[in-house]
Amino acid sequence: MKKYLLILPLLLLSGKSFLQETAVQVQHTSENYQKAEFPGGDEAFQKEFMNMVHAYIDMALYTIQGKVTFVFNIDPKGKFNNIDVLPKFKNNEMFIDDMKYATKKVKGKWKPATKNGVAVDSKFVMRVNFDNNGYDHD
C-alpha cells in the first residue's frame with residue numbers, strides 16, 4: 001500500500017510536467033511563423049493595388065456593388081500565383097484576369113512568409129467596398 005501512495009504523486013507530477021512541455025512546444029511553433037510583408041505594410045499594398053485597378057481596369061464593365069473579398073496567394077518567392085474573389089458574380093473570370101493584371105503593375109515585392117526560417121506559401125486577404133463613386137477598403 002505504501003508503494004502505491006509513493007507512486008501516485010510521482011505519476012501526477014510527471015503528467016503535469018508533460019502538459020507544460022506541450023504548451024511550450026506550441027508556443028515555439030507559433031513564434032517560428034512570420035507572415036508575408038509588403039514594403040510599407042498592408043495598407044501600402046491596398047492603396048497601390050487599388051490605384052492600379054483604377055488606372056488600368058475599366059470598372060464600368062463590371063456591376064460590382066458592395067463588399068468584395070480578394071484572397072491573394074503569395075508564393076515562397078514573394079510573387080502572386082493565385083487570386084480569388086468572393087462572392088462570385090457575373091463575369092467573375094474576366095474580373096479575376098483584370099485583377100491579376102493590376103497586381104502585376106503594383107510596384108514593390110512581397111517578402112514571403114516563413115515557417116522555421118523557410119519561405120512558404122501564404123494568403124493575404126483584402127476586403128474592398130465598391131460603390132458607384134469608387135471604393136473603400138475595410
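Keep in mind it's a predicted model, so treat the numbers as computed, not measured.

## Focus: the pairing of strand 3 (residues 80–86)
Moving residue by residue along a regular strand, the side chains alternate between the two faces of the sheet. Pairing of strand 2 (residues 66–74) with strand 3, which is carried by six bridges, proceeds in the antiparallel orientation. In the sheet register, N73 faces strand 3, and the bridge partner there is N82. Here strand 2 folds back onto strand 3, and the loop between the two strands holds five residues, one of which, G78, carries a positive phi near 85 degrees.

## So, helix 3 (residues 92–105)
Three- or four-residue spacings in an α-helix give side chains the same orientation, since the helix completes a turn every 3.6 residues. For helix 3, with 14 residues, the first-to-last C-alpha span of 20 Å sits near the 20 Å given by 1.5 Å per residue. When helix 3 is considered as a whole, its buried residues turn out to be N92, F95, I96, M99, A102 and T103. Relative to the axis of helix 3, the buried residues are bounded by an arc of 120 degrees and lie together on one face. The exposed set on the far side of helix 3, more than 90 degrees from its buried face, consists of E93 and K104. The inward-facing, buried residues of helix 3 abut helix 2 (42–56), strand 2 and strand 3.

## Quick look at helix 2
Along its 15 residues, helix 2 runs 21 Å from first to last C-alpha, staying within 8% of the 21 Å computed at 1.5 Å per residue. Turning to helix 2, its buried residues number three or more, namely F45, Q46, F49, M50, M52 and V53. Along helix 2, the residues classed as buried sweep out an arc of 155 degrees about the axis, all on the same side. Relative to its buried face, helix 2 has exposed residues pointing more than 90 degrees away, namely E43, K47 and A55.

## Observations concerning the packing of helix 2 against helix 3
Running from amino to carboxyl end, helix 2 crosses helix 3 at an angle of 120 degrees, the nearest separation of the two axes being 8 Å. Comparing their axes, helix 3 and helix 2 come out oblique. Taken as a pair, helix 2 and helix 3 cross one another with a handedness that is right-handed. Here F49, M52, V53 and Y56 of helix 2 come into contact with helix 3, specifically with M99, Y101, A102, T103 and K105. For the contact of helix 2 with helix 3, the class distribution of residues is seven nonpolar, one polar and one charged.

## What about the packing of aromatic side chains?
In this structure the tally under the stated criterion is 16 aromatic pairs. Consider the rings of F45 and F80, whose centres lie 5.6 Å apart with planes at 35 degrees: the pair is tilted. One end of the pair, F45, is in helix 2; the other, F80, is in strand 3, with 35 residues separating them in the sequence. The rings of F38, F45, F49, F70, F72, F80, F95, W110 and F124 are connected pair by pair, giving a single aromatic cluster. Directly above the aromatic system of Y56 lies the positively charged group of K105, at a separation of 5.3 Å from the ring centroid.

## As for unusual backbone geometry
Keep in mind that most residues, glycine aside, have a negative phi and that most peptide bonds are trans. Omega for the bond connecting L86 with P87 falls within 30 degrees of zero, at -5 degrees, which places this linkage in the cis form. Considering the arrangement of structural elements, one finds P87 in the loop between strand 3 and helix 3. The backbone phi angle of N116 is positive, close to 55 degrees, even though this residue is not glycine.

Criteria and cut-off values
- Residues numbered from 1 in each chain as written.
- Predicted model: local features only at pLDDT ≥ 70, side-chain atom pairs only at ≥ 80, totals over all residues.
- Heavy atoms only, no water.
- Pairing = 2+ DSSP bridges.
- Helix = DSSP H or I, 4+ residues; strand = E, 2+ residues; numbered from the N terminus.
- Expected span 1.5 Å × (residues − 1).
- Buried < 20%, exposed > 50% of the residue type's maximum accessible area, 1.4 Å probe, protein only.
- Arc of directions from axis to C-beta.
- Contact = heavy atoms within 4.5 Å.
- Axes fitted to C-alpha atoms, helices over the stretch in contact; angles between N-to-C directions.
- Parallel < 35°, antiparallel > 145°, perpendicular 65-115°, else oblique.
- Left-handed = near helix turned anticlockwise from the far one by under 90°.
- Nonpolar A, V, L, I, M, F, W, Y, C, P; charged D, E, K, R; others polar.
- Phe/Tyr/Trp six-rings, centres within 6.5 Å; stacked < 30°, edge-to-face > 60°.
- Lys NZ or Arg CZ within 6 Å of the ring centre and 35° of its normal.

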